[in-house]
Structure formats: structure tokens, C-alpha cells
Amino acid sequence: MALALRCLRPLPPLLLRSAPAVPRGLPRSPGGCPAPLPLPGGCSRCAQHLLLSRQLATKKAKGKGQSQTKVNISAALVEDIINLEETSEDMQAVIEALKEDFSRNLSVRTSPGALDHITVVTKDGKFPLNQLGQISQKSPQLLTVNMASFPESTAAAAKAIRESGMNLNPEVDGTVIRVPVPKVTREHRESLAKLAKQSTNKSKEALRKVRSKSITQVKKSKNKVSEDTIWLLEKQIQQMADEAAAEMDKLLAAKTKELLG
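Computed from a predicted structure; not experimentally measured.

## Overview of the side chain of Thr 87
Here is step 1 of the chain: Along the polypeptide, Thr 87 turns up in helix α4 (residues 84-105).
Here is step 2 of the chain: A polar side-chain atom of Thr 87 sits 3.1 Å from a polar atom in the side chain of Ser 214.
Here is step 3 of the chain: Each residue touching Thr 87, except ones within four places of it in the same chain, is listed here: Ile 82, Val 210, Ser 214 and Met 240.

Here it is in C-alpha cells:
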């Protein structure tokens, strides 16, 4: 009996050693998700949180002692929060609209195409001038607009040309509007340069609206994701807006140089 008892005494330690070890110190996922982050079975939200947190730590570490740090978040990683590609496209659309405005309306040499998209206000609504009249160039110093198809809008078209900011003084002759092309003076060049500046400021205002809309969209998810994620996304959007504004400044500088000669 004694021998049997001596043989049984070591059993409890053996049993304890054979029990499965309980993992300690594993990071937990956000929002109470039961799957630990390092496990392959973790949910996509957990992976997103972990990757963004690591990215934030990297950015802060790299940016230590620097005034600014560059953020570059994968759009696919945050597509359930905001569509960054759509934000980028909206900002690029503002830039393209500014380019088109510079090309169409701010040229030292007035051409028929410069009158095409002057907006005419009529009793039936607003229309581009080229939809109401036939625009042609009779000579380097004279453009004409034939309003025979919409004679009732002749006066409105002449007013729109006069108030276009292109330094034009149209003359109405029946249903034909004659538009003398002014000589290119220093005053005219400076006037066009001021218009270019005004157009750029309007475009920057449109850009700020895109940025504000996107940031508001991000903040709607503040109860679903971490503060670090919100911070990163806001910084990314601001960075995109700054880059777009910088491109507009380059366009303005080039246009001003072209206009002033």
C-alpha cells in the first residue's frame, strides 16, 4: 500500500504540466471582438484597427522633431468609413474646372471660342451663348453673334457679353451683335490677371467644401473606430486638399506670367 501511494504522489504535477497553456498578454481587438488580433481568424475591423494603429505609431515616430509628416493610407483599408478615391476625384474636378476657365475665358487674344460659354439669363432660364446664337469672327478685330434663332434674347446676350469681365463692349444691330475686339493694353492684361486670381480663390473655396464634406463623413464613424483612425484620415484629407491648392497656385502663377507678359 505504501509503495502504491508513493507511486501516485507525482501524478498531480504531471497532470498540471499536461494541461494546455493559457495565452497571456495577447492584444485584444476593438469593440469587444472575441478574436485576438494576431490570429488569422480575426475580423477585418480588427485588422484595420491594428494596421492603422501601427501606421500611426510609425508616422509619429518618423515625424518626431519634424513640423509635418506625410500620411498615405490605403483607400481599400478605410473604404467602409470613406471613399478616399472619390474625394480625390472631386478635388481633381475642381482643378480641371479652373484649368478650363483659364483656357476659355482668360486669354489675351479674344477668339470666338471665348464667347461660347458666357451665360445668358433669359425668361426661360440660363443658357450658354453658343446655344442661343451663332458666333463667328469677321476679322481679327471683330466678332459677331447672330441671334436670328432667338431674337427675343438679343438684349440679354449683349448684356451678358458686356458683363463677362472680358473688357468687351458689344453693339446691337437688329438680331446681330457686333463685338469689337479691344487692343491688348497693359490695363487689359492686369484686369485679366485679377480675374485669374478671383477664379483661383473661387476654386479654392470649392476645394474647401470638398474637404469639409469628407471630414464630416469621417467624423460620423467616431463611435465605430479609434481616435487614431479618425486623426489619420483627417490628416490624409487635409494633405490631399493642400496638394490640390498648391497645384492651383502653380496654375495661377503660370497664367499670370502669360497674361502680364
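Read on for the rest.
## Topic: the nonpolar core
For soluble globular proteins, nonpolar side chains are generally found buried alongside one another.
Here is step 1 of the chain: In terms of nonpolar packing, the biggest core is built from 29 residues, with Leu 84, Met 91, Leu 233 and Ile 237 touching the most fellow members.
Here is step 2 of the chain: Contributing elements (two or more residues each) for this core: α4, α8 (186-219) and α9 (227-260).
Here is step 3 of the chain: Ranked by residue count, the leading element in this core is α9, at ten residues.
Here is step 4 of the chain: Contacts of Leu 84, omitting those with residues within four sequence positions, involve Ile 73, Ala 75, Val 78, Leu 233, Gln 236, Ile 237 and Met 240.
Here is step 5 of the chain: Ranked by size, the runner-up nonpolar core spans 19 residues in total, among them Leu 129, Leu 132, Val 145 and Met 147.

## Focus on the sheet that holds strand β4 (residues 142-146)
Here is step 1 of the chain: With respect to topology, four strands assemble into an open sheet ordered β3-β4-β6-β5, the strand pairing being antiparallel. Strands with a single pairing partner mark the edges of an open sheet, and in this sheet they are β3 (134-139) and β5 (171-173). Neighbour-to-neighbour, the strand axes of the sheet open up by a mean angle of 25°, direction not taken into account.
Here is step 2 of the chain: For β3 and β4, the ladder comprises five bridges, and the chain directions are antiparallel. Across the sheet, residue Gln 134 finds its bridge partner in β4, namely Asn 146.
Here is step 3 of the chain: Docked against the sheet, helix α7 (residues 154-162) engages β4, β5 and β6 (176-180), running at close to 15° with respect to β6.

## Topic: the environment of Ile 161
Here is step 1 of the chain: With respect to the secondary-structure elements, Ile 161 resides in helix α7.
Here is step 2 of the chain: Distance in space between the C-alpha atoms of Ile 161 and Val 179 is 8.5 Å, their sequence separation being 18 residues.
Here is step 3 of the chain: Once residues lying within four places of it in the same chain are set aside, the contact partners of Ile 161 are Ile 118, Leu 129, Val 145, Leu 168, Pro 170, Ile 177 and Val 179.

## Here we look at the layout of surface pockets
Here is step 1 of the chain: Approximately 400 Å³ is the volume attributed to the largest pocket.
Here is step 2 of the chain: In this structure, the largest pocket is lined by 15 residues; those nearest its centre are Asp 101, Asn 105, Ser 164, Leu 195 and Ser 199.
Here is step 3 of the chain: Here the lining of the largest pocket takes four residues from α8, the largest share from any one element.
Here is step 4 of the chain: Across the lining of the largest pocket, the residue classes break down as five nonpolar, seven polar and three charged.

## Here's the deal with α4
Here is step 1 of the chain: A rise of 1.5 Å per residue sets the reference length of α4, with its 22 residues, at 32 Å; its end C-alpha atoms lie 32 Å apart and thus fit the reference within 8%.
Here is step 2 of the chain: Regarding α4, the residues found buried are Leu 84, Thr 87, Met 91, Val 94, Ile 95, Leu 98 and Phe 102. Within α4, the buried residues cover an arc of 90° as seen down the axis, which keeps them to one side. Of the exposed residues in α4, the ones pointing more than 90 degrees away from its buried face are Glu 85, Glu 89 and Ser 103.
Here is step 3 of the chain: Those residues of α4 that are buried lie in contact with α8 and α9.

Cut-offs applied
Each chain carries its own residue numbering, running from 1 in the written order of its sequence. Owing to the predicted nature of the model, reporting of local features is limited to residues with pLDDT of at least 70; listing and counting of side-chain atom pairs is limited to 80 or more, with chain, interface and lining totals taken over all residues. Processing note: side-chain calculations cover all non-hydrogen atoms of the structure and skip hydrogens and water entirely. We count a stretch as a helix when DSSP gives it H or I for four or more residues in a row; a strand needs E for two or more, and each element gets its number in order from the N terminus. Contacts described as polar in this section are N or O atom pairs within 3.5 Å, which, within protein, must combine one atom able to donate a hydrogen with one able to accept it, while residues neighboring in sequence count only if both atoms come from side chains. The contact criterion used throughout is that any non-hydrogen atoms of two residues lie within 4.5 Å. Put simply, a nonpolar core is a bunch of buried Ala, Val, Leu, Ile, Met, Phe, Trp, Tyr and Cys residues held in one set by side-chain atoms that sit within 4.5 Å of each other. Burial classes follow relative accessibility: with a 1.4 Å probe on protein chains only, a residue under 20% of its type's maximum area counts as buried, one over 50% as exposed, and anything between as partly exposed. By definition, two strands form a pair when at least two bridges between them are found by DSSP. Every angle, taken between N-to-C directions, lies between 0 and 180 degrees, and every axis is a line fitted to C-alpha atoms, over only the stretch in contact when it is a helix. Here a cavity denotes a set of grid points, spaced 1 Å apart and computed over the protein atoms alone, in which a 1.4 Å probe fits but from which it cannot get out, and a pocket denotes an open set meeting protein on both sides within 12 Å along at least five of seven lines; residues with an atom within 4 Å of a point are reported as lining. Grid points are joined across faces, edges and corners, and a volume is the space filled by probe spheres set on the points. Side-chain classes follow a simple rule in which Ala, Val, Leu, Ile, Met, Phe, Trp, Tyr, Cys and Pro form the nonpolar group, Asp, Glu, Lys and Arg form the charged group, and the remainder, Gly included, forms the polar group. Helix span is expected to be 1.5 Å times the residue number reduced by one. In this description, the arc belongs to the directions extending from the helix axis to the C-beta atoms.

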